[in-house]
Amino acid sequence: MKTIKHRVESFDLYTAKENMEEDILQNLSQQQKQIPAKYFYDKQGSELFELITQQEEYYPTRAETEIFMNDCKSIAQYTGPIHTLIEYGSGSSKKIKSLLSSFQSLEEYMPIDISEEFLLQSSIELSNQYPHLSVKAVCGDYTAPLELPIKGAGKKAIFFPGSTIGNFEPREAKAFLVGSAGHLNDGDGFIVGVDTKKDREKLEAAYNDANGITAEFNVNVLRRLNRELGANFDLDQFEHKALYNEEKGRIEMHLRSKKEQQVQISNRLFEFKKNETIHTENSYKYSIEEFQLLVQQCGFVPVKVWTDENETFSVHYMEKQQTKKS
């Protein structure tokens, strides 16, 4: 732990760096080659994602922001007095700012992100705006087991905006929610943004913006592998592809090989056929009823749901189920 500035502390709990090469080699060895979506978020990837959220076609951020702006008092009313707020994948911490003024009892904010430089920058900026808060910036992979530096009593809540829960396979989402419950005591809360199901045209447009920012974001993961693992991907020979799989209720992002080619990573050589893809991300969409059923299987009780005017996005508040006493 090191103190970056008054009221801001930095904790580096990210150990996945040691396993990145092994993880990538294993995933690219599958019949359907894959790269885990968490590797999108180096500094450049995080900055590109912030640009994605500003694109006209990308409705989730606008819809979720509308909910937080219009319903922040209601959200604070349902969550009750919170002492510690933990944010998964905090990025620029923009969304949390719409809620902070409503959480009057909040004393500790704990953003968790995989991109250390981006995390610290946004944490310091937020601390300067909210000097009464103790900010504990945790560089770590929130999908992995973490021993969070939580101190003191009081109600805790996890904040997980942006529909990132949709990036998990359903079985992974269950495991993730169960693991998240382990950070909480009975009655503690969880606020999560969930993208709803809607027509294919609107969904696919959100992941294929006209300015090509999402395409650049997708290709950037190969740039990162070249830099950090010494791979030799030719970035010009892979192109972004995003489509809605209606049967599975998810957007799929891929990188398509434009030609037959070879790529070397470490001492491994990977063959790509023309049009073969690397599957880089899923984004599952849930109806309100589907998501509530999911969380009930993971030790949570649904409390309240808010949607934007057009019901294109939902924000769920749930609480950890009370342990039954024998």
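Everything numeric here is computed off the predicted structure, so don't read it as measured data.

(A) Expanded view of the sheet that holds strand β8 (residues 238-245). As summarised here, the arrangement of the three strands in space is β8-β9-β12, forming an open sheet in which the pairing is antiparallel. At either margin of the open sheet sits one strand with a lone partner, and together these are β8 and β12 (277-284). On average, each strand axis in the sheet is tilted by 20 degrees relative to the strand beside it, whichever way the strands run. Bridge analysis of β8 against strand β9 (residues 250-257) gives eight bridges, and the strand direction is antiparallel.

(B) Spatial organisation of the pattern of salt bridges. Tallied over the entire structure, the rule returns 19 salt bridges. Two residues, Asp42 and Arg227, come together in a salt bridge whose shortest N-O distance is 2.9 Å. Taken together, the residues Asp42 in the loop between α1 (20-28) and α2 (43-52) and Arg227 in helix α8 (residues 213-229) connect sequence positions 185 residues apart. Overall, Asp42 belongs to the buried group, its relative accessible area being 7%. Here Arg227 falls in the partly exposed class, since its relative accessible area comes to 49%. In this structure, Lys136 engages Glu108 in a salt bridge whose closest nitrogen and oxygen atoms are separated by 3.0 Å. Taken together, the residues span a long stretch of sequence, with Lys136 in strand β5 (residues 134-139) and Glu108 in strand β4 (residues 108-113) at a distance of 28 residues. Here the two residues Lys136 and Glu108 agree in accessibility, since each one is buried. Each of the salt bridges in this network shares a partner with another, and the network as a whole consists of Asp42, Arg224, Arg227 and Glu228.

(C) Structural view of the nonpolar core. Ile24, Ile35, Phe233, Ile265 and Ile278 are the most contacted members of the largest nonpolar core, which totals 34 residues. Contributing elements (two or more residues each) for this core: α1, α2, α7 (200-206), α8, β8, β9, β10 (261-265) and β11 (268-272). Discounting chain neighbours no more than four positions away, the residues touching Phe233 are Leu28, Leu222, Leu225, Asn226, Phe238, Val263, Ile265, Phe272 and Ile278. Core analysis: the second largest hydrophobic core is formed by 29 residues, Phe11, Ile158, Val194 and Tyr286 among them.

(D) Representation of the packing of aromatic side chains. Per the counting criterion, the structure on display carries 22 aromatic pairs. Between Tyr88 and Tyr142, the aromatic rings sit 5.1 Å apart at their centres with planes inclined by 15 degrees, giving stacked as the arrangement. Taken together, the residues span a long stretch of sequence, with Tyr88 in strand β3 (residues 84-88) and Tyr142 in the loop between β5 and β6 (156-160) at a distance of 54 residues. On the basis of an interplanar angle of 70 degrees and a centroid distance of 5.7 Å, the ring pair of Tyr286 and Phe291 is categorised as edge-to-face. No difference in accessibility class separates Tyr286 from Phe291, as the two residues are buried. Taken together, the ring pairs in this structure connect Tyr88, Tyr142, Phe160, Phe168, Phe176, Phe190 and Phe300 into an aromatic cluster.

Thresholds applied
- Residues numbered from 1 in each chain as written.
- Predicted model: local features only at pLDDT ≥ 70, side-chain atom pairs only at ≥ 80, totals over all residues.
- Heavy atoms only, no water.
- Pairing = 2+ DSSP bridges.
- Helix = DSSP H or I, 4+ residues; strand = E, 2+ residues; numbered from the N terminus.
- Axes fitted to C-alpha atoms, helices over the stretch in contact; angles between N-to-C directions.
- Salt bridge = Lys/Arg side-chain N within 4 Å of Asp/Glu carboxyl O.
- Buried < 20%, exposed > 50% of the residue type's maximum accessible area, 1.4 Å probe, protein only.
- Core = buried A, V, L, I, M, F, W, Y, C linked by side-chain atoms within 4.5 Å.
- Contact = heavy atoms within 4.5 Å.
- Phe/Tyr/Trp six-rings, centres within 6.5 Å; stacked < 30°, edge-to-face > 60°.

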